[in-house]
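Coordinates in review
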Amino acid sequence: MEFGILFTSHPNPQEEPYPHREVHARTTEEVLEAERLGYDTAWIAEHHFATSYGIMPDCFAYMAYLAAKTSRIRIGAAVITLPLYDPIRVVENTSFVDILSNGRVRLGVGSGYRPYEFEGLGRDFENRRDIVEESIGLMFDAWHRHRWDHKGKYYSGTVKEPYEMLPHPVQMPHPPLYMAGGTERSIGYSGRNGFGLMLSTLPGIETLAAQTALYKRELAKASAERRQNPAAGHIDIARWVYIADTDAEARAETEEAIVRHIAHFGGSGTGGYLGSVSEKGAAIKYDDLASTLLHGSAETVIARLREMQARTGMTSLLLHYPPYYGRERTMKSLRLFAERVIPAFRPPARRAAAE
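Let me begin by describing the structure that accompanies this report. (Residues numbered from 1 in each chain as written. Predicted model: local features only at pLDDT ≥ 70, side-chain atom pairs only at ≥ 80, totals over all residues. Heavy atoms only, no water.)

1. Focus: helix H6 (residues 184-192)
Note that an α-helix has 3.6 residues per turn; residues three or four places apart therefore point the same way. Buried within H6 we find Ser-186, Ile-187, Gly-188, Tyr-189, Ser-190 and Gly-191. Tucked inside the fold, the buried residues of H6 contact helix H5 (128-145), strand S7 (177-181), strand S8 (196-199) and helix H7 (205-219). Where H6 ends, the next residue or the one after it, Gly-194, has phi of about 75°, a positive value. (Buried < 20%, exposed > 50% of the residue type's maximum accessible area, 1.4 Å probe, protein only. Helix = DSSP H or I, 4+ residues; strand = E, 2+ residues; numbered from the N terminus. Contact = heavy atoms within 4.5 Å.)

2. Re H5
Between its first and last C-alpha, H5 extends 26 Å over 18 residues, near the 26 Å set by a 1.5 Å rise per residue. Three or more residues of H5 are buried, namely Arg-128, Ile-131, Val-132, Glu-134, Ser-135, Ile-136, Leu-138, Met-139, Phe-140, Ala-142, Trp-143 and His-144. Next to the buried residues of H5 lie helix H3 (87-100), strand S4 (105-110), helix H4 (115-121), strand S5 (148-151), S7 and H6. After H5 finishes, the residue His-146 shows a positive phi value of roughly 65°. (Expected span 1.5 Å × (residues − 1).)

3. Looking at the packing of H7 against helix H10 (residues 298-312)
The N-to-C vectors of H7 and H10 enclose an angle of 35°; their axes lie 8 Å apart at closest approach. Judged by the twist between their axes, the crossing of H7 over H10 is right-handed. Contacts between H7 and H10 involve Ile-205, Glu-206, Leu-208, Ala-209, Thr-212 and Lys-216 from the first element and Glu-307, Met-308, Arg-311 and Thr-312 from the second. Looking at side-chain class alone, the contact of H7 with H10 contains four nonpolar, two polar and four charged residues. (Axes fitted to C-alpha atoms, helices over the stretch in contact; angles between N-to-C directions. Left-handed = near helix turned anticlockwise from the far one by under 90°. Nonpolar A, V, L, I, M, F, W, Y, C, P; charged D, E, K, R; others polar.)

4. Some remarks on the pattern of salt bridges
Scanning the entire structure with this criterion turns up 23 salt bridges. Close ionic contact of Arg-346 with Asp-40 constitutes a salt bridge, the shortest N to O distance being 2.5 Å. Residue Arg-346 is found in the loop between helix H11 (327-341) and helix H12 (348-354), and its partner Asp-40 is found in the loop between helix H1 (23-37) and strand S2 (41-44); the two are separated by 306 residues along the sequence. Neither residue differs from the other here; Arg-346 and Asp-40 are each classed as buried. Overlapping salt bridges, with partners in common, bring together Glu-2, Arg-74 and Arg-106 in one network. (Salt bridge = Lys/Arg side-chain N within 4 Å of Asp/Glu carboxyl O.)

5. Topic: the side chain of His-48
With respect to the helices and strands, the residue His-48 is situated in the loop between S2 and helix H2 (59-69). Filtering out sequence-adjacent residues up to four positions away, His-48 remains in contact with Gly-54, Pro-57, Leu-84, Tyr-116, Glu-117 and Leu-121.

6. Considering the pairing of strand S9 (residues 235-243)
With nine of nine residues buried, S9 is to be regarded as a mostly interior element. Residues of S9 alternate between two faces, with Ile-235, Ile-237, Arg-239, Val-241 and Ile-243 on one and Asp-236, Ala-238, Trp-240 and Tyr-242 on the opposite face, all of them buried. The pairing of S8 with S9 spans three bridges and is parallel. Looking at the pairing, Met-198 lines up with Asp-236 of S9. In the sheet, S9 pairs with strand S11 (residues 316-320) via five bridges, with the strands oriented parallel. The residue of S11 that forms the bridge with Ala-238 is Leu-318. (Pairing = 2+ DSSP bridges.)

Right under this line is the structure:
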């Protein structure tokens, strides 16, 4: 199994007061520590306009910056909100950053779930899934054929001889492509089109098992071209993770912050996201999150993660956490996970290489 960290550039007002500029230096510090500890991927989340959530308007600019500051860790977007972009610019920028990072880029795309982001940029929220599906076909044309003649409902454009899509990425025909899924439509589409699947922090294990089963069935229908995606068949599941010496210590250090954070996803600003991707209701307590959190001692987390792996066939865990624990506790948890949990899921040769 691979292990990545999902960074939302989410400010902690106690340490990063408004307008929260300090969040970016702290996030970068955590990415560099993730590389030192042997994590596989630093995943960057795009978000706009919120003063109480992520502040990351341009994943490509940040990934290029991280490419110059790191040497081994892969750098991924998890995810860019595709309806807010021109799809050809996504292809160009992904390929360019892949070159700058010497082939370390991964791209995750999604339809988005925060209406205020669409409103702020003057984009169509209601038809966002249709926009994604049209965008994907154009992106594959650009990567596989380097030219296109497209006249669709949402996009149009032509590139013919002697012109072509440049630059070509290091990873051919394109870097690993993932899609965030929470509904049957998005999960089925990601499978039929050969994407790797990224699943939310919110669903419990029963929901995850049903979602991954659907993905695997639909993946069998993907064309040979779409299965050239290096991420085809990969299942990346995000979980809130916190490691302490005991389960009781982990709960004491996180309960108030994690419940407050998760409740945010049931608000009006997330377009019903909590209800669409998981089985949870609006009123959430810590004890309701047993199937969602990977909190506790290393032994507890290893057991829960092994069950999740067996039930879902997951190939990667995306560690996630709110900023409210503070820098010291966050760094300690990342270190304990790397030292006590990751070795249980890696063969000796892989562990030696990471060290």
